[in-house]
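# Architecture at a glance
If you want the building blocks of each chain, they are given just below.
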Amino acid sequence: MPEMMEIYKKHASEYDELVRAEDYRGHLRSFLRQTIDWNGKIICEAGIGTGRVTRFYIDLARRVYGFDRELHMLDRCRRNLSDYRDKLVLETGLNEKQISIPEPADIFVEGWSFGHTISERHHEIVSFLPALLNRVQSLLRRTGTIILIETLGTNVSYPVPPTKELVDFYRLLEERHGFQRHVIETDYRFGSRDEAARVMGFFFGDEMRYSVKSGGQSIILEYTGVWIKRLSKGDKNGHQRVDHSDAV
Ligand SMILES: C[S@@+](CC[C@H](N)C(=O)[O-])C[C@H]1O[C@@H](n2cnc3c(N)ncnc32)[C@H](O)[C@@H]1O
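These remarks concern the structure in this document. (Residues numbered from 1 in each chain as written. Predicted model: local features only at pLDDT ≥ 70, side-chain atom pairs only at ≥ 80, totals over all residues. Heavy atoms only, no water.)

### Side note on empty space enclosed by the protein
Tallying each qualifying case throughout the model produces one cavity of 30 Å³ or more. Here the largest cavity defines a volume of roughly 110 Å³. Looking at the largest cavity, it is lined by 15 residues, and the ones nearest its centre are L94, N95, K97, I99 and F108. The greatest single-element share of the lining of the largest cavity, amounting to three residues, is contributed by helix 7 (residues 125-138). Partitioned by chemical class, the residues of the lining of the largest cavity number nine nonpolar, four polar and two charged. (1 Å grid on protein atoms, 1.4 Å probe; cavity = no way out; pocket = protein on both sides within 12 Å on 5 of 7 lines; lining within 4 Å. Points joined across faces, edges and corners; volume = space filled by probe spheres on them. Helix = DSSP H or I, 4+ residues; strand = E, 2+ residues; numbered from the N terminus. Nonpolar A, V, L, I, M, F, W, Y, C, P; charged D, E, K, R; others polar.)

Here it is, written out as structure tokens:
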């Protein structure tokens with residue numbers, strides 16, 4: 001069984017199989033479409049992966065700039081979203097580094113990607129997180145919106161951040177950086193218990209495989225957090241801004 005980061009380098013199909021089963025009731029898609037106005041907007045998405053979140057909004061967007069560390073995921077994303085090739089620009093880009101786009105974005109979104117990066121940089125989270133958010137903010141218009149989608153637990157019966165690193169990440173988002181948390185049920189549905197154990201085990205590991213198999217369910221509970229911050233014209237957040245000369 002490959003490591004999670006190895007999956008992003010070589011196993012986009014298996015990753016896709018997992019996310020196709022996720023949120024079978026479409027709660028996250030409905031929430032995002034009801035809460036955010038994507039119509040005609042310029043979107044920047046980090047850690048875009050195979051385009052699972054992108055598919056929720058791209059029909060409405062004007063243009064989408066998508067970034068990921070792994071070309072392998074971007075190749076799959078390009079295929080998955082080939083109907084939208086005219087408005088999708090994909091490039092490699094790291095969460096740890098400033099990415100650049102040729103026009104200011106209205107919305108920045110990421111799903112289940114910053115959590116990885118913050119966990120890797122947990123020892124310096126207090127300085128790393130503001131720098132990360134500052135880079136995000138520099139991509140946006142002054143009235144832009146930031147949407148961070150992260151896990152609140154898989155195969156659990158109530159929402160809870162699964163690691164100490166994520167507890168700290170979410171707490172800082174809410175207490176220091178002005179994000180509002182929304183909790184969404186994103187349960188998986190598989191064709192059978194064996195399929196659930198195979199697909200979940202491939203991504204989450206042996207412990208998950210045994211737990212799913214012994215639980216005997218083909219529906220696996222999951223909670224997802226959506227953290228939203230709407231910037232306002234006066235919001236400088238104490239950071240330098242890149243001048244995009246947008247006359248908002
Ligand atoms: C769990 S997947 C999420 C993909 C997609 N957002 C989705 O919702 O399915 C995490 C993604 O983040 C990417 N990633 C991980 N670390 C990264 C980093 N430091 N910089 C950029 N992308 C990263 C991975 O390659 C992978 O595509």
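### Thoughts on the nonpolar core
F108, L129, L148 and F169 are the most contacted members of the largest nonpolar core, which has 31 residues in total. Of all the elements in the fold, those that place two or more residues in this core are strand 1 (42-46), strand 2 (63-68), strand 4 (105-111), helix 6 (114-120), helix 7, strand 5 (140-154), helix 8 (164-175) and strand 9 (222-230). It is helix 7 that provides the largest number of residues to this core, a total of six residues. Residue contacts for F169: discarding those within four places in its chain leaves F114, G115, I118, I125, L129 and E150. Counting residues in hydrophobic clusters, the runner-up holds 26 residues, among them V53, Y57, V109 and I149. (Core = buried A, V, L, I, M, F, W, Y, C linked by side-chain atoms within 4.5 Å. Buried < 20%, exposed > 50% of the residue type's maximum accessible area, 1.4 Å probe, protein only. Contact = heavy atoms within 4.5 Å.)

### Things to note about the sheet that holds strand 3 (residues 88-92)
Taken together, the seven strands give an open sheet; going across it, the order is 3-2-1-4-5-9-6, and neighbouring strands pair in mixed fashion. Lying at the two open borders of the sheet, with one neighbouring strand each, are strand 3 and strand 6 (180-185). Neighbour to neighbour, the strand axes of the sheet diverge by 20° on average, direction disregarded. Here eight bridges tie strand 5 to strand 9, and the two strands are oriented antiparallel to one another. Paired with I147 across the bridge in strand 9 is I228. The sheet contacts of helix 3 (residues 27-35) involve strand 5, strand 6 and strand 9, and relative to strand 9 the element is tilted by about 15°. Strand contacts of helix 8: strand 5, strand 6 and strand 9, with the helix running at about 150° to strand 5, the strand carrying the most contacts. (Pairing = 2+ DSSP bridges. Axes fitted to C-alpha atoms, helices over the stretch in contact; angles between N-to-C directions.)

### Describing the environment of I42
Within the secondary structure layout, I42 lies in strand 1. With 29 residues separating them along the chain, I42 and S13 place their C-alpha atoms 28 Å apart. Here I42 is in contact with R62, R63, Y65, E103, P104, A105, D106 and I107, once residues within four sequence places are set aside.

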